[in-house]
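Remarks on the overall topology
Listed below, chain by chain, are the residues.
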Amino acid sequence: MVHVGIGYDVHPLVEGRRLVLGGVEIPHALGLLGHSDADVLMHAITDAILGAIGEVDIGHLFPNTDPAWKDAPSRVFLEEAARRVKARGGRIVNIDASLAAERPKIFPHLEPMKRNLAEALGLDVRKVGVKATTNERLGFVGREEGIAAMAVAAVDLPGE
Ligand code: MG
């Protein structure tokens, strides 16, 4: 049976931090604030996968009070979610995600992001969707106070 999961995450944009999205460092005046590298895209996808297999969310698996995850590359979280799917005898069918960011332009970075995500999850890159949109200058995304990400995952869990 194919199970689906949804993930959503937001991180604030601040000065003096790197902007890392889907494992790609994007040159920009502002970066995302968080305990780890604050890769909002990888966090949303991690939660979508964990949700599909009915496990606790990323914030409980990797608490931001734990020094082990300070400035950690978020790929670690994604790999753990994939490992948990495997431990259940399952297989990620596909993932899809959308980023909402007013600036910088995300489109030129989408292909390397997809490649990173596919590699971390052991998926063919054609099973990984990532899109980006602005927020038409509305709300916190529009004011460039933060970046949001949404993701879905489909996971085949045989016999469940
Ligand atoms: Mg997060």
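About the thresholds
Residues numbered from 1 in each chain as written. Predicted model: local features only at pLDDT ≥ 70, side-chain atom pairs only at ≥ 80, totals over all residues. Heavy atoms only, no water. Pairing = 2+ DSSP bridges. Helix = DSSP H or I, 4+ residues; strand = E, 2+ residues; numbered from the N terminus. Right-handed = clockwise from strand over helix to strand, strands pointing away. Donors = N, O, S within 2.8 Å, 3.2 Å for Na, K, Ca; no water. Buried < 20%, exposed > 50% of the residue type's maximum accessible area, 1.4 Å probe, protein only. Axes fitted to C-alpha atoms, helices over the stretch in contact; angles between N-to-C directions. Parallel < 35°, antiparallel > 145°, perpendicular 65-115°, else oblique. Left-handed = near helix turned anticlockwise from the far one by under 90°. Contact = heavy atoms within 4.5 Å. Nonpolar A, V, L, I, M, F, W, Y, C, P; charged D, E, K, R; others polar.

Now for the pairing of strand β6 (residues 128–133). In regular strands, side chains alternate between the two faces of the sheet. Where strand β5 (residues 91–100) meets β6, 6 bridges bridge the pair, whose relative direction is parallel. Residue pairing in the sheet places I95 in a bridge with V128 of β6. Once the chain exits β5 it traverses helix α4 (residues 110–121) before rejoining the sheet at β6, and the crossover so formed is right-handed.

For the rest of this paragraph, the subject is the coordination of the magnesium ion. Within the protein, D9 (OD), H11 (NE2) and H43 (ND1) serve as the donor atoms for the magnesium ion, at 2.1 to 2.3 Å. Summarised as a motif, the one-chain spacing of the donors to the magnesium ion is D-x1-H-x31-H. As far as the burial class goes, D9 and H11 line up, both buried.

With that settled, consider the sheet that holds strand β1 (residues 2–15). With mixed pairing, the 5 strands of this open sheet are ordered in space as β4-β1-β7-β5-β6. Single-partner strands in this sheet number two, and they are β4 (30–32) and β6. Neighbour to neighbour, the strand axes of the sheet diverge by 20° on average, direction disregarded. Relative to strand β7 (residues 146–156), β5 runs antiparallel, the two being bridged by 9 bridges. Along β7, the bridge assignment pairs A100 with A148.

Moving on, we come to the packing of helix α1 (residues 40–52) against helix α3 (residues 75–87). Their axes nearest at 9 Å, the elements α1 and α3 cross at an angle of 15°. In terms of orientation, α1 and α3 fall into the roughly parallel class. At the point where α1 passes α3, the crossing takes the left-handed sense. Contact residues: M42, H43, I45, T46, I49 and L50 in α1; R75, F77, L78, A81, R84 and V85 in α3. Looking at side-chain class alone, the contact of α1 with α3 contains 8 nonpolar, 2 polar and 2 charged residues.

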